[in-house]
Amino acid sequence: MKLTELFPLPYAHWYAATLFAEAGYAASQVFERLKIDPARWRRFRERYSQLHYANTNWVAAAFRRDGLAEPEQDRALFQRLTGNDGIGLPVTEPFSMRRELEALRRAVEANPRIGPFADVDWVAHYIGERRFPTIRYIHNGHQVFVDGAPIRDRKSVPLSGVDPFTFRQLGDRWFCDDRHVYGQGETPTKLFWFTARGADPGSFTVLNQRYGVDKAAGYYITNLRLPTEEPGTFGIVSYYYGSGQKPGIRIEESHYAKDSRKVYAYGVAIEGADAASFHSIGEEGRYFADRKHVYWEKSLIPDADRESFVCASEAGQYRAYDSERPYYAGQPQSVSAEFESWSGYFENHPEIADSWWHREKARRGASAFVGNEPVPIGGLYYSDGSRILVRPQRPQEAEWVSLDHFDHDSFRHIVDVFGQDRHGLRYFLPGLESYGMEPVKKADPASFKKLDGPWFKDKQQAYYIDSTAPLPELAVVKVDMARFEVLGGAYARDAKGLIVEGVRKRGIDNPAAVESLGYSFARMGDTLLYRGKPIGRPGKVNPATARGVHDQLLIDANGEMLVGGSYRKKIPGIDPASLHFLNRVFAVDARHVYAITDTGLLRIEDIEPGGVEPAGLYSVRVGGTQLHVSGGIVRRLRPEDASG
């Protein structure tokens, strides 16, 4: 395809049209001036926009995909883009498409009334821009615009009180006019702007794209004002980042700041952090420390030993250790579970002679468990005399997992996966035993007790954890304790409404009418709920006789089913009254064996239910055959297959 077809407009005319459109002028008026239709504009707009970054690899690759030469040194393309623009700027050598077009944009920004727009009375005054992603600020004499709309707040309401004639960019995401300071916030789906509370435009200084400061306070880009007791001490906490194309000190990207008294992470004070000594450690920008403590991002690592703590990205991303244990992403890990994965690191560092790894190596060498089998101390917990241990849910990985972050001497089991040590309420997640969980904040172990099913409470808050789920999580929820009641399965309720899996549910028409049907299912009158969400198309399922028999399966007295929130037809011959699950996958009724998959419940032929025994959480045994589900298909494995 010819360049005249791929690039039908001079670049300067395209850019002038872009400025007028972004200043709020009707697209139809702009296109009429260009003598071009909207569909054609959309086809070439992205290609023109990419030239803003003509020297980058991603733009070169995009042009190659379209069968075009890489644009940065393409003089023929440059001639096509500038030959009839009526501006005629001189070209600087050595030639660079990106640099030349940037100079051309500056000329158009100074006067966009060129070419087809030479006789318009429109105003499109360029103010500034955030470079990547490109966010251009333009005023039309009345309001400040971005991408064709006035700058607006979180509720998409145009920001009031902005003076377009004195509105100016202070840096990347910070702006001011003669009366106010403004910030540009963002969520994953939209941009918004705010008036910084109490900020003084006369003394406001941009520190980076997230923080600013004036004579009295610091400011964070979510519109948080951070008053400082000692003006002039508020500044950025930088960090070293050793990966990527440009390793080095990061200041512009930092979410961390401090003054003489406090340290802030993401605009929120880190309680107890010592500002004078707070600094980053390691080379990933995630671990920080002060003179006494270590932090992962904004959270204190409670038991980390400051003196011996080492960031070890050489051993893997976000990995660290101290004298007592390894850490991943700030969470303590099990010594017994992590020993092998750290062996290479310590073997490559013979200068390290004493650590948790060396002690574990010596313990294994001495075969500490021989003749000294761990003894049960309540629930799923065991002791070997010095450590708290549990059996992993996947025993092929190891026979035992040590919970090294638990204090052995003060530990006592309470109920289910919960216990107490000198740090407070402790727990572990079945299936994720090697990942250390911090003590539960604000929990009261003395009053902690089990309610119904996966629900627990103490004197001030409620807890939900289904320790039999594939990936269990603990949810802590503030409730009205006097009115709190467990409905069954995942459902509970208090005076404020419905709570499902430890999360409050909004938009439930009549929480008082909700009845649990077991597991993740409930009904509210004639409406069925799955994980607290009304099911719009329940098919033939009768809510009056339905019951939950699995996290994913609801069945009524006639055999009609829901898998998750989707209707599934009755399986011929199924006996709903006797259907029950043996483990997470396999179920039986009086006559048949079944397996649940992502698409529904499958009946397994030629197997009598009486001879089926669970073999762990995901398989069953029938005589000498083991059944498991893979890829939505029930597969049969005989002993000779396993040995081969």
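See above for the structure.
Residues numbered from 1 in each chain as written. Predicted model: local features only at pLDDT ≥ 70, side-chain atom pairs only at ≥ 80, totals over all residues. Heavy atoms only, no water.

Trainee: Residue-level account of a nonpolar patch on the surface, with values.
Mentor: Nonpolar side chains collect at one region of the surface, where Tyr240, Ile249 and Ile251 lie side by side and expose about 280 Å² of accessible area between them. Looking at the secondary structure, you find Ile249 in strand β15 (residues 248-250). You can call Ile249 exposed: its relative accessible area is 55%. (Patch = residues over 30% accessible without salt bridge, like charges linked within 9 Å, V, L, I, M, F, W, Y side chains within 5 Å. Areas by Shrake-Rupley, 256 points an atom, 1.4 Å probe, with all protein chains shown as cover. Salt bridge = Lys/Arg side-chain N within 4 Å of Asp/Glu carboxyl O. Helix = DSSP H or I, 4+ residues; strand = E, 2+ residues; numbered from the N terminus. Buried < 20%, exposed > 50% of the residue type's maximum accessible area, 1.4 Å probe, protein only.)

Trainee: Tell me what's going on with the packing of aromatic side chains, and back it up with residues and numbers.
Mentor: In this structure the tally under the stated criterion is 60 aromatic pairs. Between Phe204 and Tyr219, the aromatic rings sit 5.6 Å apart at their centres with planes inclined by 50°, giving tilted as the arrangement. Residue Phe204 is located in the loop between β8 (191-195) and β9 (205-206), and its partner Tyr219 is located in strand β11 (residues 217-220); the two are separated by 15 residues in the primary sequence. A relative accessible area of 8% means that Phe204 is categorised as buried. Judged by its relative accessible area of 1%, Tyr219 falls in the buried class. Ring pairs connect the aromatic residues Phe7, Tyr11, Trp14, Tyr15, Phe31, Trp41, Phe44, Tyr48 and Phe63, which therefore count as one cluster. Sitting above the plane of the Phe7 ring, Arg47 keeps its charged end 5.9 Å from the centroid. The side chain of Lys298 reaches across the aromatic face of Tyr266, ending 5.7 Å from its centre. (Phe/Tyr/Trp six-rings, centres within 6.5 Å; stacked < 30°, edge-to-face > 60°. Lys NZ or Arg CZ within 6 Å of the ring centre and 35° of its normal.)

Trainee: Describe helix α4 (residues 38-50), listing the residues and the values that go with them.
Mentor: Between the first and last C-alpha of α4 there are 19 Å, a value that for 13 residues agrees with the 18 Å anticipated at 1.5 Å per step. Most pronounced at Phe44, the bend in α4 amounts to some 35°. Within the sequence span of α4, burial applies to Trp41, Phe44, Arg47, Tyr48 and Gln50. Looking at where α4 begins, the residue whose side-chain oxygen comes 3.1 Å from the main-chain nitrogen of Ala39 is Asp37. (Expected span 1.5 Å × (residues − 1). Bend = angle between axes of the 7 residues up to and from the residue. Polar contact = N/O pair within 3.5 Å; in protein donor to acceptor, adjacent residues only side chain to side chain.)

Trainee: Which residues make up the pattern of salt bridges, and what values do they have?
Mentor: Counted according to the given criterion, the structure contains 32 salt bridges. The shortest N-O distance in the salt bridge between Arg47 and Asp66 comes to 3.3 Å. Taken as a pair, Arg47 in helix α4 and Asp66 in the loop between α5 (57-65) and α6 (75-82) lie far apart in primary sequence, 19 residues in all. Across the pair Glu485 and Arg493 runs a salt bridge whose closest N-O atoms are separated by 3.0 Å. With a relative accessible area of 35%, Glu485 lands in the partly exposed category. Residue classification places Arg493 among the buried residues on the basis of a relative accessible area of 13%.

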